[in-house]
Each structure stands twice: as C-alpha cells, then as structure tokens.
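Each chain, written out:
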Amino acid sequence: MAIRIYVVTDNETKNQRLIRATNRAEAVRFASRTRFSVEAASQDDLVALLPNGVKIEASQADVDTKSLLDNEAASAV
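Below or above, wherever it landed, is the structure these notes cover. (Residues numbered from 1 in each chain as written. Predicted model: local features only at pLDDT ≥ 70, side-chain atom pairs only at ≥ 80, totals over all residues. Heavy atoms only, no water.)

## Here we look at the pattern of salt bridges
The final tally for this structure, using the stated rule, is two salt bridges. Taking the shortest distance from any N to any O, the salt bridge between Asp10 and Arg35 comes out at 1.7 Å. Placement of Asp10 in the loop between β1 (4–9) and β2 (16–21) and of Arg35 in the loop between α1 (24–33) and α2 (43–49) is noted, with a sequence separation of 25 residues between them. Using a relative accessible area of 19% as the deciding quantity, one classes Asp10 as buried. Notably, a salt bridge pairs Glu12 with Arg35, separated by 3.3 Å at the nearest N-O pair. With a gap of 23 residues between them, Glu12 in the loop between β1 and β2 and Arg35 in the loop between α1 and α2 connect regions that are remote in the sequence. Classification of Glu12 as exposed rests on a relative accessible area of 67%. Within this structure, Asp10, Glu12 and Arg35 form a network of salt bridges that share partners. (Salt bridge = Lys/Arg side-chain N within 4 Å of Asp/Glu carboxyl O. Helix = DSSP H or I, 4+ residues; strand = E, 2+ residues; numbered from the N terminus. Buried < 20%, exposed > 50% of the residue type's maximum accessible area, 1.4 Å probe, protein only.)

Structure, rendered in structure tokens:
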C-alpha cells in the first residue's frame, strides 16, 4: 500500500497537520486520537447533556438509527 502525506485541517481552529498515512481515514483517525476521546454515553450523561441543548447527532454510518430516533422524537411530542 502506498503511503502518502495528508493535510488534516481542524474545521474549528483551521489548524493544519501533515500526517503520513496509508489513506485518509487513517490520517483523520490519528489526528483525532490526540484531540478527542470517545465512550458510550451513560444514562447520567444523557440526563446531564440533553436538557442543556446538546443534540444527538447521527453519523453517516448510523443512517438507519437516525430514522428510528426521528420517529421516536416525533411520537414523543
């Protein structure tokens, strides 16, 4: 596999990094490891964040779940 140098740009700060990787996904994954941490949301997390206006976002890979969330939100109203 060919290794390339990718420019990874932070969309919020506009800072750019040069990362040597085999593909774009690997370059983004490497850059995000130093900026973000991820874990499953606990019930306490949801109770604390949702009332403060933090929305549940659906990733592109989660399109089927997004439609379920939209349906649940509509039926809860």
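From this point, things continue past the structure.
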